[in-house]
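Each chain, written out:
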Amino acid sequence: MTGAEKIRAEPLFRAWRAPETVVTADGMTLSLVAYQARAAALGGKLAHRLKRAGLFDQLEPGFRRRMEAEIVAAARIADIAKYELRLIEAALAGFEGEVLLLKGAAYQNAGLRAGEGRLFGDIDILVSRSRLQDVEKAVIEAGWRFAKSNPYDDKYYREFMHELPPLEHGETGGHLDIHHTISPPTSRVRIDAEKLIADSAPLKGARWRLLSPEDMTIHAALHLFHDGPVAGHLRELFDFADLIEEFRASPEFGPKLRARAEMLDAGAILDLALRMANELLGARSDGAAPEGPARGMTAVLIRQVFRPPKPAPRRFPGTGRDIAAFLLYVRSHWRRMPPLMLGLHLLRKLFRRATPSRPGET
Amino acid sequence: MILSEFGFENFREYARRGSAALALGPFNVSIRTDIDSCLESLFELYRHNEVVSDGFIDVFMAAMSRMRPGQPWRRRAFIYIDGQFDVAMAPERLATPALEWSLNLAIATRAHEYLLLHGAALEKNGRALIMPAPPGSGKSTLAAELCLRGWRLFSDEFCLVQPETGRVRPFPRPISLKNRSIDILRDKAPARVASQVFDGTAKGRVGYFLPDAQSIARQREPAPPALIVLPQWRENGECRIDPLAQTDAYGLLVTNAINADFHGVEGFRLLVGAARRTSAYKISYGQSEDAVSAVESLAANEANCEADR
């Protein structure tokens, strides 16, 4: 079996591609479906997919209870996110510029399938680069503070990644990331935020704007393969699949997506995402790209990272998956930093005490 | 087939492979371990529980013998939930209590299809008694004593409340007894206290009171809550029964609600409903027999009042 075939055969991926098979699957398969979904924080998304397919009543009772629990948990996470967004809205009351919602917050507020059952910990917004300082000032005044408080990390974010470090609300602990571009710092071409804002649409009855469907999809693809540590981004592949499946309803989406990707110099990334989403999750987008397996070293490494874990206790940290994740992380930073700096950075990360992460966070 | 019929050798073989699963209340739990002392005590603790073959597994638990980092002569039990270790590590001989505690954690963080309350629950005559109480209140010992008086054990740790019906679902597990209680119960009912006692845990000596076969056999039968009791044990204390107002009952429930925030408004309504439809009492006591008699009379009274309503 090829790498791709192995992952396709994994219970979680099979269940996603063919939800009706979950009704007749045996005990161990169902256990693995639920387990792999849990491990990737995808339980809520899977549960909603099964609900949409009208299969809930036919599910094995134990499995159904697990899916019900996931729906309950995801609903609460969504409530928390809504509340945190209201806090951000209040903080930006005096800011008259455009603010776009990205990723989870966008999917949720746009009522997209990709947002249903999604567990997320961060709120991501996009503003014009020129307005970054104003927005930063406003949220700090309203109680957010920079999460990475040591000078090394601050410098890392601002100078090497040209990003604002992540913010954390002083009281709620909610995470906020303020972006001025959707392209990762490693790319050769910077995607001008003005272009994205120009194509954005207002969210009805709210102060927020949303990326166009094409830009939203491209962002998901970019985020899938480039942003920071890739391990744990399996969830983003499922988001991407949800997006293209939903937007497929408009026949012009596929060609528009392709054209926009070419224009933003994200064609190769889109290709990779489409091929992966198709081969692993059966998601298709007519007119956006040819289907067929993804090739190349990156694809191989990414598939390794996407391999769901097994319930058996993990013995050693150096599994194939961890090595692949590490290699991808190195690769994503390779172009950002001179080699010596990269070496030092990695050493620092290795010996830093791990900070606890919130549910839904990668 | 229940575990005692399945046999220790089979259990051992399956547990080493990670294929041993037991039905614990509504949950099917896979247990993997390579620690023999742990296997022996688990075999005793869960002797009446059904062995699950080819069923759906809710959570994968493991207690594995590993070298203590930096001390190769010391063996530790590493506890894994769903293959992840960041739960607990204990001396190998304390693997069973560590596993039991970790299983509680696993359920508390997963079972959001229920409203989870921290506390003991038992049933008699189709009505559930809930004892939402902090550690040290004596609820576990009281629960064990009530079991000896014919109450069906639902749990000494978790009340599983079904959101749709408001009924409590059984999750009968061995009751963990501490220090003196182990000896007291062993004197009263030697066959009901497990042979292995675990010394030197964070809580002192830990022993387990075994649920009876009936409680396990009927573990799929829920019951509506009718009585809420807050036990307060005090050395040489007099026995007193104080009725609690509905608001106090609600306060007691919400303070002990593990995942109330997951159930939002519906959860609030559920707890208010429970406070309204039950009678609540605080029982202060020094002798457990007094508390047991008090509970029995309150339960009987509750039944009579219901008949009158």
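Scroll up to find the structure this text is about.
Described in the following lines is the structure provided in the data block. Please read these numbers as outputs of a predicted model, since none were measured by experiment.

A count of helical and extended segments in chain B gives 10 helices and 17 strands. A compact globule built from 309 residues would reach a C-alpha radius of gyration of about 19 Å, and chain B, at 19 Å, matches this within 12%. Principal axes of the C-alpha set define a box for chain B whose edges measure 65 × 40 × 40 Å. The buried share among the 309 residues of chain B stands at 57%. Counting only carbon and sulfur atoms, one obtains 50% of the accessible surface of chain B, whose full area is about 12900 Å². Averaging the locations of the 36 positively and 37 negatively charged side chains of chain B gives two centres separated by 3 Å.

Moving on, we get to the sheet that holds strand β6 (residues 115–118) of chain B. Residues and elements named next belong to chain B. The antiparallel open sheet is built from 3 strands, whose spatial order is β6-β10-β11. The open sheet is flanked by β6 and β11 (168–169), the only strands paired with a single partner. When strand β10 (residues 158–161) meets β11, the two strands line up antiparallel, connected through 2 bridges. Residue pairing in the sheet places Val 161 in a bridge with Val 168 of β11.

Turning next to the nonpolar core. In globular proteins that are soluble, nonpolar side chains generally tend to be buried together. Counting 94 residues, the largest nonpolar core has Phe 63, Leu 92, Ile 178 and Phe 306 of chain A as its most contacted members. Looking at this core element by element, the count peaks at 9 residues for helix α14 (residues 267–281) of chain A. With 46 residues, the next largest nonpolar core counts Leu 39, Phe 43, Val 51 and Met 61 of chain B among its residues.

Bringing the pattern of salt bridges into the picture now. Overall, the coordinates contain 40 salt bridges over all chains when judged by the stated rule. The salt bridge involving Glu 141 of chain A is made with Lys 137 of chain A; its shortest N-O contact spans 3.4 Å. Remark: Lys 137 of chain A and Glu 141 of chain A occur in helix α8 (residues 132–141); sequence separation between them is 4 residues, near one turn of the helix. Like Lys 137 of chain A, Glu 141 of chain A is exposed. Between Arg 205 of chain B and Asp 183 of chain B there is a salt bridge, and its shortest N-O distance comes to 3.2 Å. Of this pair, Arg 205 of chain B sits in strand β14 (residues 204–209) while Asp 183 of chain B is found in helix α6 (residues 180–188), placing the two residues 22 residues apart along the sequence. We classify Arg 205 of chain B as partly exposed; its relative accessible area is 27%. For Asp 183 of chain B, a relative accessible area of 34% gives the class partly exposed.

Here we come to the interface of chain A and chain B. With 22 residues of chain A at the contact, the number on the chain B side is 28 residues. Regarding the contact of chain A and chain B, the summed buried area is about 2100 Å², with carbon and sulfur atoms giving 55% of it. The tally of links between chain A and chain B comes to 4 salt bridges. In this structure, Glu 113 of chain B engages Arg 66 of chain A in a salt bridge whose closest nitrogen and oxygen atoms are separated by 2.8 Å. Taken together, the connections running from chain A to chain B amount to 11 residue pairs in polar contact (both at pLDDT 80 or more).

With that settled, the discussion passes to the packing of aromatic side chains. For the structure shown, the criterion picks out 13 aromatic pairs over all chains. The interplanar angle of 35° and the centroid separation of 6.1 Å between the aromatic rings of Phe 11 of chain B and Phe 43 of chain B together place this pair among those described as tilted. One end of the pair, Phe 11 of chain B, is in helix α2 (residues 8–17); the other, Phe 43 of chain B, is in helix α3 (residues 36–45), and 32 residues separate them in sequence. Aromatic rings pair up to connect Phe 27, Tyr 114, Phe 158 and Phe 171 of chain B into one cluster. The side chain of Lys 51 of chain A reaches across the aromatic face of Phe 56 of chain A, ending 4.6 Å from its centre. Positioned above the aromatic ring of Trp 208 of chain A, the side-chain terminus of Arg 207 of chain A is 5.6 Å from the ring centre.

Residues and elements named next belong to chain A. Between helix α13 (residues 253–263) and α14, the shortest axis-to-axis distance is 7 Å and the interhelical angle comes to 140°. Taken together, the axes of α13 and α14 are oblique relative to one another. Packed against α13, whose contacting residues are Leu 257, Arg 258, Ala 261 and Glu 262, the element α14 presents Gly 267, Leu 270, Asp 271 and Leu 274 at the interface. Class assignment for the residues of the contact of α13 with α14 results in 4 nonpolar, 1 polar and 3 charged.

Cut-offs and rules
- Residues numbered from 1 in each chain as written.
- Chains lettered and ligands numbered in written order.
- Predicted model: local features only at pLDDT ≥ 70, side-chain atom pairs only at ≥ 80, totals over all residues.
- Heavy atoms only, no water.
- Helix = DSSP H or I, 4+ residues; strand = E, 2+ residues; numbered from the N terminus.
- Rg over C-alpha atoms; globule rule 2.2 N^0.38 Å.
- Buried < 20%, exposed > 50% of the residue type's maximum accessible area, 1.4 Å probe, protein only.
- Areas by Shrake-Rupley, 256 points an atom, 1.4 Å probe, with all protein chains shown as cover.
- Lys, Arg positive; Asp, Glu negative; His and termini not counted.
- Charge placed at Lys NZ, Arg CZ, Asp CG, Glu CD.
- Pairing = 2+ DSSP bridges.
- Core = buried A, V, L, I, M, F, W, Y, C linked by side-chain atoms within 4.5 Å.
- Salt bridge = Lys/Arg side-chain N within 4 Å of Asp/Glu carboxyl O.
- Contact = heavy atoms within 4.5 Å.
- Buried area = accessible area lost by both parts, 1.4 Å probe.
- Polar contact = N/O pair within 3.5 Å; in protein donor to acceptor, adjacent residues only side chain to side chain.
- Phe/Tyr/Trp six-rings, centres within 6.5 Å; stacked < 30°, edge-to-face > 60°.
- Lys NZ or Arg CZ within 6 Å of the ring centre and 35° of its normal.
- Axes fitted to C-alpha atoms, helices over the stretch in contact; angles between N-to-C directions.
- Parallel < 35°, antiparallel > 145°, perpendicular 65-115°, else oblique.
- Nonpolar A, V, L, I, M, F, W, Y, C, P; charged D, E, K, R; others polar.

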